[in-house]
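# What the coordinates show
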Amino acid sequence: MLTYFFRRLLLAIPTLLFIELVIFLLLDLAPGDPTAQLPLTIPPEVREQIRVSLGLGEPLPIRFGKWMYQFFIIEPQVVFDSIFGTSFSAGDTRVLSWQTRSPVMDIVWQRMPQTLWVVGTAYVVAIIIALPIGIYSAYRQYSLFDNVGTFITMVGFSVPPFFSGVLVIVIFSVNLGWFPSIYDTTLVVHDWDSFMRQLNQMILPVMVLALQITSQLSRYMRASMLDNLNQDYVRTARAKGLGERPVVLVHVLRNSMIPVVTVIALGIPSIFGGAIITEQVFKVNGIGQLLITAIQANDVPLVQTLTFIFAILIVIFNLIADVLYGILDPRIRYD
């Protein structure tokens, strides 16, 4: 198993380096000027000095090498210093945002809790709901439960978040007044009352996100279960007298989880990436909104860092999915 893991890990390293090179080149070739939002009264020579101070006067390979060194060497040292109280990164230049001139990773860590509260909770709720629905719908195919579940999941998957978000705001916030329509990012959870206020303001965005994620996962779970319920090994297990519960929940479910694991693993990076549309609708000051703001301000270091973090998360959870394949089906380890 360790050999299988390290083989997949070695394949992931050059993949990440290639992705980072592509991201850097695309952002470098993209149109835009970091001084475009400055007043028009600023002389051209001053604008050029500002560009040079941002590092744009250096050749592309040097800028790429500096960013790689800052991201992979200096930023981990900063984390190490903050944990153990050392000073390895003292005096080193970190990846700075063009917009705020503050370290990019500090901005990301400030926004991360809001995204994890909302998107992470929605994803966990969706998995807890979707898997049982998909399993039971497949086992009771064409029943009333299956037909109703199919209709609801199709509607949930088809309706975009910008529509469902506004709809739940109108119903539950404006008309009924049960929940706030705007997410309070300044709320600090320090006691039971503040925790309940946090849960109260999370309900609407979590509801919107969980509906869409549940619809997707339950459809995959149902389809995968149906494929395995008609296999020969299921009929053989039943013919030998094995109970229906062990057949479905042990043998069929284990084989059915292999494709579903891929969907779940590839969806987990979205927890850290944020839900861009939903965060905009409910004014959640998370990572998704940060990315939109950085793109609008042409803040290349911030956009570059965020997109590469998303790429790292996708590669990592692909690796985790590969390892889970080997656990669910040991034959995969030897392919």
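The preceding data block contains the structure.
So, here's what we can say about the structure.

## As for the packing of helix 8 (residues 232-239) against helix 9 (residues 244-267)
Where helix 8 contacts helix 9, the axes come no closer than 10 Å and their chain directions differ by 160°. One way to sum up the angle between helix 8 and helix 9 is to call them roughly antiparallel. Viewed along their axes, helix 8 and helix 9 form a crossing whose handedness is right-handed. Contacts between helix 8 and helix 9 involve Y233, V234, A237 and R238 from the former and E244, V247, H251, V252 and N255 from the latter.

## Some details on empty space enclosed by the protein
Summed over the entire model, instances satisfying the criterion amount to one cavity of 30 Å³ or more. By volume, the largest cavity is sized at about 30 Å³. For the largest cavity, the full set of lining residues is G156, V159, P160, P161, S164, V208, L211 and Q212. The set of elements that each furnish at least two residues to the lining of the largest cavity consists of helix 6 (161-175) and helix 7 (192-229). With three residues, helix 7 is the largest single contributor of residues to the lining of the largest cavity.

## Some remarks on the pattern of salt bridges
According to the stated counting rule, one finds one salt bridge in the structure shown. The shortest N-O distance in the salt bridge between D146 and R222 comes to 2.8 Å. One end of the pair, D146, is in helix 5 (residues 144-158); the other, R222, is in helix 7, with 76 residues separating them in the sequence. For the pair formed by D146 and R222, the shared burial category is buried.

## Quick look at the nonpolar core
The biggest cluster of nonpolar side chains holds 57 residues, and the ones touching the most others in it are M221, M225 and L306. For this core, the secondary-structure elements that each account for two or more residues are helix 1 (2-29), helix 3 (60-84), helix 4 (104-139), helix 7, helix 8, helix 9, helix 12 (287-296) and helix 13 (300-328). Take this core: its biggest share by element is 13 residues, from helix 13. Those residues within four positions of M225 in sequence are excluded, and the remaining contacts are I135, A138, V248, V252, L253 and S256. By size, the runner-up hydrophobic cluster in this structure holds 16 residues, among which are A122, Y183, V206 and A210.

## Quick word on the layout of surface pockets
Here the second largest pocket defines a volume of roughly 450 Å³. F71, V79, M105, W109 and I309 are, among the 18 residues lining the second largest pocket, the residues nearest its centre. For the lining of the second largest pocket, the elements supplying multiple residues, two or more each, are helix 3, helix 4 and helix 13. Here the lining of the second largest pocket gets seven residues from one element, more than from any other, and that element is helix 3. Along the lines of polarity and charge, the residues of the lining of the second largest pocket split into 14 nonpolar, one polar and three charged.

## So, the packing of aromatic side chains
Here the structure, examined in full by the defined rule, presents twelve aromatic pairs. Seen in terms of ring centroids, F72 and F308 are 5.7 Å apart; in terms of plane orientation they differ by 80°. Their pairing is edge-to-face. Placement of F72 in helix 3 and of F308 in helix 13 is noted, with a sequence separation of 236 residues between them. A residue is classified by how much of its surface remains accessible, and F72, at 36% relative accessible area, is partly exposed. Considering the side-chain rings of W178 and F179, the 6.5 Å spacing of their centres and the 90° angle between planes classify their relative orientation as edge-to-face. Among the aromatic residues, ring-to-ring pairing joins W67, F71, F72 and F308 into one connected group.

The rules behind each value
Residues numbered from 1 in each chain as written. Predicted model: local features only at pLDDT ≥ 70, side-chain atom pairs only at ≥ 80, totals over all residues. Heavy atoms only, no water. Axes fitted to C-alpha atoms, helices over the stretch in contact; angles between N-to-C directions. Helix = DSSP H or I, 4+ residues; strand = E, 2+ residues; numbered from the N terminus. Parallel < 35°, antiparallel > 145°, perpendicular 65-115°, else oblique. Left-handed = near helix turned anticlockwise from the far one by under 90°. Contact = heavy atoms within 4.5 Å. 1 Å grid on protein atoms, 1.4 Å probe; cavity = no way out; pocket = protein on both sides within 12 Å on 5 of 7 lines; lining within 4 Å. Points joined across faces, edges and corners; volume = space filled by probe spheres on them. Salt bridge = Lys/Arg side-chain N within 4 Å of Asp/Glu carboxyl O. Buried < 20%, exposed > 50% of the residue type's maximum accessible area, 1.4 Å probe, protein only. Core = buried A, V, L, I, M, F, W, Y, C linked by side-chain atoms within 4.5 Å. Nonpolar A, V, L, I, M, F, W, Y, C, P; charged D, E, K, R; others polar. Phe/Tyr/Trp six-rings, centres within 6.5 Å; stacked < 30°, edge-to-face > 60°.

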